[in-house]
Amino acid sequence: MSVLTSIRREGPRRTPGVERTTTGVRRGLVVGLLCSFAMLMLPGLAHAGSERGYDPAFILAAGDDDRAWAITKSVGERDQPYTLFHLPPAEPSGDRLGALRRVAGLAAAPDAITARNDALVLVFPPTTGDTPLRRVREFRVQETPTGVEFIGSAIVLPHLPGRGTLLGVADTGERLHALLATEGVTRLYLLEGSGWTETALPEAIASAADARLASTPSDVAVLTTTDDETLLWRHTSLDDQWSSTPLEPLPGAQRVMLAGGRLLQVAALEDGFQVLERARGVALPDGTVASTDARTFRVEGVPATAAVTPARGDLAFLWPEGEETMRVNLRIVDAQGQTLYDDFAVMRGPVSPADVQALAIAMLWLCIVVLVFVIRTGGEREPVMPEAFALATPFKRAVAWLIDLVPGFVIVALVWPELQAAPQGLFEAAGPGGPWPLAIIVAQATIVGTIGEALAGRTLGKLLLNMRTIDYDGNKPNWWLAFSRNVVRFFVPPVAAFSVINPTMAHPQSFQTLVVVKRREVT
């Protein structure tokens, strides 16, 4: 007869103070685990600021086919009355369509902003003095290895000359340009290295009474408007030449931009905006060519003071609701004029739902690691093996674990049928259902495994293989032991792997439990 069947050793005695401390730590970890799960399930908590409202007469916006930005003015705020918001891409960020994420507070309003790819550039009003300068700052989006977007602090760029009138700033993705009018002459500045240098302009642009930078995705472009015609001047870096393209006049047009590959002219009306779209056949600023067809559409119910900008390949119109509220109206339309979103923007704080979920996962891991390595119970006790039972082999335990996963896979296959044809989507963040299919499988196996082992000492896999889980006294594990075992094997796989490598070894994942099988089942 095995020594384990006739000898029972007691674990090391603990003082009441140590037991109270362990109990307190255990309770704290349980609270931490519950809070982490709550953060995972409630990632969409909105941020509520301290401002009383936004100035309806002030808003700036800039964007491209990737993302957009907006600046509002808070009423009653003195130190940082201006707030910078970010309209992130809908898919990677996890934010719903129409969400605005708060980035930072600003003490002064910029004269102009421009956005390209993952960067936003702000040019502020000139300083006073004999040699005025314009401060230039940049905010840049960075993506962490976990896919969570992070926007750092403002980056200081070289100052622009402060004399003259700023006609616009544009970022082509490779270089930053600024257009200024000084003493009746239009000048183009290019950021190179540690400073701004002036570059030559054609006489027709330099002497134009109405000139401004156009929003383009490649080379710099300038829009000039006279009584006779509207021209879009594009600079080609390859041959260092300027070429002009006549545009169909649109009375009151203040913006020319590209959204979803279409050239758009936008003009403010009394009760909305009019958009002239050139979808095909014109020599676009990015070098593509399309037909001469052009059409217009109206966006009604939007005040003339609204800011308009490309956003995610569409057009976004933003305007504050009023001084008594902290709400910003947002209308998103595609390049054909179809409304995609028309409601108040969802104001979120700097922490996105994806950030909250990443923090919750980190908290889960921390609590579980502390649980395993700090308050693991059992000491040096040796287990009592019931008669006619022996330790289950690692192979049988692995097979039982796979069987326990089957119900979760069945549920996921019924909810997301597309995963049946492409099961690899289960492990892709952008796959069908996102992270939820995998979370359902893990949650089902953990919950059902805990209940089954605590009530009967068995899970579905152990029942089919005639196995059971016991504690060191030969009884069914209590709820705490059953929960600990099932959580660790899913959330701390390296620790759980000890039980497969050597099931007889004293390792943290054991939690005073063993998986045994009847002797006649051992081969």
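Described below are features of the structure shown in this document. (Residues numbered from 1 in each chain as written. Predicted model: local features only at pLDDT ≥ 70, side-chain atom pairs only at ≥ 80, totals over all residues. Heavy atoms only, no water.)

### Digging into the overall build of the chain
No. 1: Secondary structure summary: the chain contains eleven helices and 29 strands in total.
No. 2: Out of the 523 residues in the chain, the part that is buried amounts to 48%.
No. 3: Looking at the chain as shown, the accessible area adds up to about 25800 Å², and 57% of this sits on carbon and sulfur atoms. (Helix = DSSP H or I, 4+ residues; strand = E, 2+ residues; numbered from the N terminus. Buried < 20%, exposed > 50% of the residue type's maximum accessible area, 1.4 Å probe, protein only. Areas by Shrake-Rupley, 256 points an atom, 1.4 Å probe, with all protein chains shown as cover.)

### Here we look at the sheet that holds strand β29 (residues 513–518)
No. 1: Taken in spatial order, the three strands make up an open sheet running β27-β29-β28, and their pairing is antiparallel. Both edges of this open sheet fall to β27 (389–391) and β28 (467–471), since each of them pairs with a single strand only. Averaged over all adjacent pairs, the angle separating strand axes in this sheet is 45°, with direction ignored.
No. 2: One ladder, built from three bridges, connects β27 with β29; its direction is antiparallel. Bridge assignment links alanine 390 to a residue of β29, and that residue is valine 517. (Pairing = 2+ DSSP bridges. Axes fitted to C-alpha atoms, helices over the stretch in contact; angles between N-to-C directions.)

### A short note on the side chain of asparagine 466
No. 1: Topologically, asparagine 466 is positioned in the loop between α9 (460–464) and β28.
No. 2: Judged by relative accessible area, asparagine 466 falls into the buried class, the value being 16%.
No. 3: Among the polar contacts listed, one links the side chain of asparagine 466 to the side chain of arginine 458, at a separation of 3.4 Å. (Polar contact = N/O pair within 3.5 Å; in protein donor to acceptor, adjacent residues only side chain to side chain.)

### Topic: the nonpolar core
No. 1: Core analysis: the biggest nonpolar cluster contains 20 residues, and Leu100, Ala316, Leu318, Val328, Leu330, Ala345 and Met347 have the highest contact counts within it.
No. 2: If you list the elements that add at least two residues to this core, you get β1 (54–63), β2 (68–74), β3 (82–87), β4 (99–106), β22 (307–311), β23 (314–320), β24 (328–333) and β26 (346–348).
No. 3: Apart from residues no more than four positions distant in its own chain, alanine 316 is found in contact with Ala307, Val308, Thr309, Ala311, Leu330, Arg331 and Ile332. (Core = buried A, V, L, I, M, F, W, Y, C linked by side-chain atoms within 4.5 Å. Contact = heavy atoms within 4.5 Å.)

### As for the pattern of salt bridges
No. 1: Scanning the entire structure with this criterion turns up ten salt bridges.
No. 2: A salt bridge links arginine 140 to aspartate 118; the nearest nitrogen and oxygen atoms lie 2.9 Å apart. With arginine 140 in strand β7 (residues 133–143) and aspartate 118 in the loop between β5 (112–116) and β6 (119–126), this pair connects stretches of sequence that are 22 residues apart.
No. 3: For arginine 140, a relative accessible area of 30% corresponds to the partly exposed category. (Salt bridge = Lys/Arg side-chain N within 4 Å of Asp/Glu carboxyl O.)

### Here we look at the side chain of aspartate 55
No. 1: Here aspartate 55 shows up in strand β1.
No. 2: Notably, aspartate 55 is buried but unbridged: the nearest opposite-charge side chain belongs to lysine 73, and the N-O separation is 4.3 Å.
No. 3: Among the polar contacts made by the side chain of aspartate 55, one reaches the main-chain amide nitrogen of alanine 57 at a distance of 3.0 Å.
No. 4: Apart from residues no more than four positions distant in its own chain, aspartate 55 is found in contact with Lys73, Val75 and Pro320. (Lys, Arg positive; Asp, Glu negative; His and termini not counted.)

### A word on the pairing of β1
No. 1: Counting buried positions along β1 yields seven of ten residues, so the element is predominantly enclosed.
No. 2: Direction of pairing for β1 relative to β2: antiparallel, over a ladder of six bridges. Across the sheet, alanine 61 pairs through a bridge with alanine 70, a residue of β2.
No. 3: Two successive antiparallel strands, β1 and β2, enclose a turn made up of four residues.

### Quick notes on the sheet that holds strand β11 (residues 176–182)
No. 1: If you trace the four strands from one edge of the open sheet to the other, you get β10-β11-β12-β13, paired in antiparallel fashion. Two strands in the sheet have a free side with no partner beyond their single neighbour: β10 (165–171) and β13 (195–199). Across the sheet, the mean angle from the axis of one strand to that of its neighbour is 30°, orientation sign disregarded.
No. 2: In this structure, strand β12 (residues 185–192) lies alongside β13, joined through five bridges in antiparallel fashion. From the neighbouring strand, glutamate 192 faces β13, where its bridge partner is glycine 195.

### Points about the packing of aromatic side chains
No. 1: Tallied over the entire structure, the rule returns three aromatic pairs.
No. 2: Considering the side-chain rings of phenylalanine 58 and tyrosine 82, the 5.2 Å spacing of their centres and the 65° angle between planes classify their relative orientation as edge-to-face. With phenylalanine 58 in strand β1 and tyrosine 82 in strand β3, this residue pair connects regions lying 24 residues apart in the sequence. Side by side, phenylalanine 58 and tyrosine 82 carry an identical accessibility label, which is buried.
No. 3: Look at phenylalanine 273 and phenylalanine 317: their rings are 5.2 Å apart centre to centre, the planes differ by 45°, and that puts the pair in the tilted class. One end of the pair, phenylalanine 273, is in strand β20 (residues 272–278); the other, phenylalanine 317, is in strand β23, and 44 residues separate them in sequence. (Phe/Tyr/Trp six-rings, centres within 6.5 Å; stacked < 30°, edge-to-face > 60°.)

### Things to note about a nonpolar patch on the surface
No. 1: Residues Val406, Val410, Ile411, Leu414 and Val415 make up a contiguous nonpolar surface patch of roughly 450 Å² in combined accessible area.
No. 2: With respect to the helices and strands, leucine 414 occurs in helix α6 (residues 394–415).
No. 3: Leucine 414 sits in the exposed class, given a relative accessible area of 67%. (Patch = residues over 30% accessible without salt bridge, like charges linked within 9 Å, V, L, I, M, F, W, Y side chains within 5 Å.)

### Quick notes on the pairing of strand β15 (residues 221–225)
No. 1: Extensive coverage of β15 is indicated by the burial of four of its five residues.
No. 2: The pairing of strand β14 (residues 211–213) with β15 spans three bridges and is antiparallel. Paired with alanine 211 across the strands is threonine 224, a residue of β15.
No. 3: Alignment of β15 against strand β16 (residues 230–236), held across five bridges, turns out to be antiparallel. Across the sheet, residue alanine 221 finds its bridge partner in β16, namely arginine 234.
No. 4: Counted along the chain from β15 to the antiparallel partner β16, the turn is four residues long.

### Some details on the environment of methionine 467
No. 1: Examined against the element boundaries, methionine 467 turns out to sit in strand β28.
No. 2: Expressed as a C-alpha distance, the spacing of methionine 467 and alanine 390, which sit 77 residues apart in the sequence, is 9.8 Å.
No. 3: Contacts of methionine 467, omitting those with residues within four sequence positions, involve Ala392, Lys396, Arg397, Ala400, Arg458, Lys462, Val515, Val516 and Val517.

### Side note on unusual backbone geometry
No. 1: In this structure, glutamate 183 takes a positive phi of about 55° despite not being glycine.
No. 2: Mapping glutamate 183 onto the fold places it in the loop between β11 and β12.

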